[in-house]
Amino acid sequence: MSTPDLQGFHGSYPASDVTFLLRLTDMEATPVEEKERLIQSGQRHYSEMISTESAPSAEHQALFAQALTDGLPRLATEVQALALALQQRRPNRPIVLVSFVRAGVPLGVLLVRALRDLGVASTHYGISIIRDKGIDQAAVDWIEQRHAFADIVWVDGWVGKGAIHTQLQASLGARYPGTEIPFAVLADPTGKAWLSASGEDWLIPFGILGATVSGLVSRSILTRDGGWHACVSYQHLAEHDVSNHFIEVVDNYRRDLPATAATQWLAAQRQDLQALSHATIQRLVETYQISNLNRLKPGIAEATRAVMRRVPEHILVQRLDDPNIRLLRHLAESRGIPLQAMGAALEPYRAITIIKKTS
């Protein structure tokens, strides 16, 4: 593995948008079916393997473009509302955004631009956090050598069932005694995040692509030598890269918005979401006899990405005619997997994928 570049790199983004604190490496791809077998048998952790990421099909790209068009007003408004809420929660302080690769990075880029437009001194880093293994402590140490730890806000794209929130708590909870970890997302149907633009499960445009909307960076790869975690740069997808197009479209729309109110993320709302999401997850665990919660991928973004990267067994949706699941429906049809309509029983989620048990 290559020696870490202690200045990081920027993927396909401008240097001012994000610095990835990851090591670039090469790794032989593991076929999806084999990866699934190794993960579920316990022989390998998912973070020790990577599968080839193919270019999105023309239909996939068209569905992303449609999702961006449909979701643009909401996305731009919610980014501005989140930035205003961060400014209010951290008055007269710089804000250091640390987003989790990859789902947090597009939101982090949008937020750092919005914060700077509000006159807030803001910096953005992309680092690795891995379920069951922890946060990249070497990257955290690097950031803390340059910034006050109290100025950090941890950023992810959304919350599915809360595995990353739980991992963040396990990794850094002792650093925030008596206070809640400042964890911000765009959508949180579980009510667990410190700040979220909403508790609704909706078709977040950057949630339905991979590297081509995240700076051509792969999912992070676990390392064990005490250095930064690693990733692969997917240069073979460069001609399909929409990372900067996506940012510019949303950013330009946001800058033309009328006055926007700061996000209100209230305790009562969070408590209701926590109870509802927990009850739904528990009901599915019992119905489908799921012994490993990692097989359950709730929320449109997680459900869609699971169909793209894993081996799904069931795809559950609230409504078959929901426009928010267009890509999920397309991917399911291409793999011959029927969608199962669950109605209100799936709330607060619009979609959930259950990964096939391999043994």
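Everything discussed here concerns the structure shown above.
Below or above, wherever it landed, is the structure these notes cover. (Residues numbered from 1 in each chain as written. Predicted model: local features only at pLDDT ≥ 70, side-chain atom pairs only at ≥ 80, totals over all residues. Heavy atoms only, no water.)

1. Some words on the side chain of S277
Applied cut-off: Secondary structure follows DSSP: runs of H or I at least 4 residues long count as helices, runs of E at least 2 residues long count as strands, and numbering of each begins at the N terminus. Classification of residues uses two cut-offs on accessible area relative to the type maximum, computed with a 1.4 Å probe and protein chains only: under 20% is buried, over 50% is exposed, and between them is partly exposed. By the convention used here, residues are in contact when the closest approach between their heavy atoms is within 4.5 Å.
Secondary-structure assignment places S277 in helix α7 (residues 267–287). A residue is classified by how much of its surface remains accessible, and S277, at 4% relative accessible area, is buried. Ignoring anything within four residues of it in the chain, the contact list for S277 reads P189, T190, P348 and Y349.

2. A word on the packing of aromatic side chains
In plain terms, the rule: The aromatic pairing rule takes the rings of Phe, Tyr and Trp, using the six-membered ring of Trp, and pairs them if the centres are within 6.5 Å, calling planes under 30 degrees apart stacked, those over 60 edge-to-face and the rest tilted. Think of it as a cone above the ring: NZ of Lys or CZ of Arg counts as a charge over the ring if it is within 6 Å of the ring centre and within 35 degrees of the ring normal.
According to the stated counting rule, one finds 11 aromatic pairs in the structure shown. Members of the aromatic cluster, joined through ring pairs, are F100, F149, W154, Y176 and F183. R146 extends its terminal NZ or CZ atom over the ring of W142, reaching a point 3.7 Å from the ring centre. Here the guanidinium or amino end of R175 rests over the ring plane of F149, the centre of that ring lying 3.9 Å away.

3. A short note on the sheet that holds strand β3 (residues 95–100)
As a general point, the strands of a sheet are linked pairwise by backbone hydrogen bonds and lie either parallel or antiparallel. Here is the rule: Note on pairing: DSSP must find at least two bridges between two strands before they are called paired. Between N-to-C directions, angles cover 0 to 180 degrees, with each direction set by a line fitted to C-alpha atoms, over the stretch in contact for helices.
Judged by pairing direction, the sheet is parallel, and its six strands sit side by side in the order β1-β4-β3-β7-β8-β9 without closing on themselves. The open sheet has two edge strands, β1 (19–20) and β9 (195–198), and neither has a second partner. Pairing analysis gives two bridges linking strand β7 (residues 152–155) to strand β8 (residues 183–187), with the strands arranged parallel. Looking at β8, one finds that V155 is bridged to A184. Of the strands in this sheet, β3, β7, β8 and β9 touch helix α2 (residues 58–89), which is tilted by about 150° from β9.

4. Focus on the nonpolar core
How we decide: Nonpolar core, defined: a set of buried Ala, Val, Leu, Ile, Met, Phe, Trp, Tyr and Cys residues in which side-chain atoms within 4.5 Å join the residues together.
Membership of the largest hydrophobic core comes to 70 residues, with the highest contact counts inside it found for F20, L86, L97, L111, L186, F206 and F246. Ranked by the residues each element gives to this core, the list is headed by α2, at 13 residues. Contact partners of F20, with chain neighbours within four places excluded, come to G8, F9, H10, G11, Y13, V101, V105, G126, S214 and V217. Counting residues in hydrophobic clusters, the runner-up holds 24 residues, among them V96, I127, V140 and L172.

5. Some remarks on the sheet that holds strand β14 (residues 351–355)
Spatial strand order, β11-β14-β12-β13: four strands in an open sheet with mixed pairing. Strand pairing shows two members of the sheet lacking a second neighbour, β11 (296–298) and β13 (339–341), which therefore form its edges. Each strand axis lies, on average, 20° off the axis of its neighbour in the sheet, ignoring direction. Each of β11, β12 (312–317) and β14 is contacted by helix α8 (residues 300–309), which is oriented at about 35° to β14, the strand it contacts most.

6. A word on the pairing of β8
Threshold: Handedness of a crossover: with both strands directed away from the viewer, a clockwise path from the first strand across the helix to the second marks it as right-handed.
Most of β8 sits inside the fold, with five of its five residues counted as buried. Handedness of the crossover joining β7 and β8 through helix α5 (residues 163–172): right-handed.

7. Examining α5
The condition that has to hold: The arc in question is the one traced by the directions running from the helix axis out to the C-beta atoms.
Residues of α5 that are buried: Q167, L168 and L172. Each buried residue of α5 sits inside an arc of 105° when the element is viewed along its axis, so together they form one side. If you follow the buried residues of α5, they end up packed against β3, β5 (129–130), β6 (134–135), α4 (137–144), β7 and β8.

8. Some points on the packing of α8 against helix α9 (residues 326–334)
Put simply, the test is: Any angle that is under 35 degrees is reported as roughly parallel, and any over 145 degrees as roughly antiparallel; angles of 65 to 115 degrees are reported as roughly perpendicular and all others as oblique. Take the far helix as your reference; a near helix turned counterclockwise from it by less than a right angle gives a left-handed crossing, and one turned clockwise gives a right-handed crossing. Think of it as three bins: nonpolar holds Ala, Val, Leu, Ile, Met, Phe, Trp, Tyr, Cys and Pro, charged holds Asp, Glu, Lys and Arg, and polar takes everything else, Gly as well.
Across the interface, α8 lies against α9 with an axial gap of 10 Å and an inter-helix angle of 25°. One way to sum up the angle between α8 and α9 is to call them roughly parallel. α8 and α9 meet at a crossing whose hand is left-handed. Of α9, the residues touching α8 (which contributes A303, T304, V307 and M308) are L327, L328, L331 and A332. Counted by class, the contact of α8 with α9 contains seven nonpolar, one polar and no charged residues.

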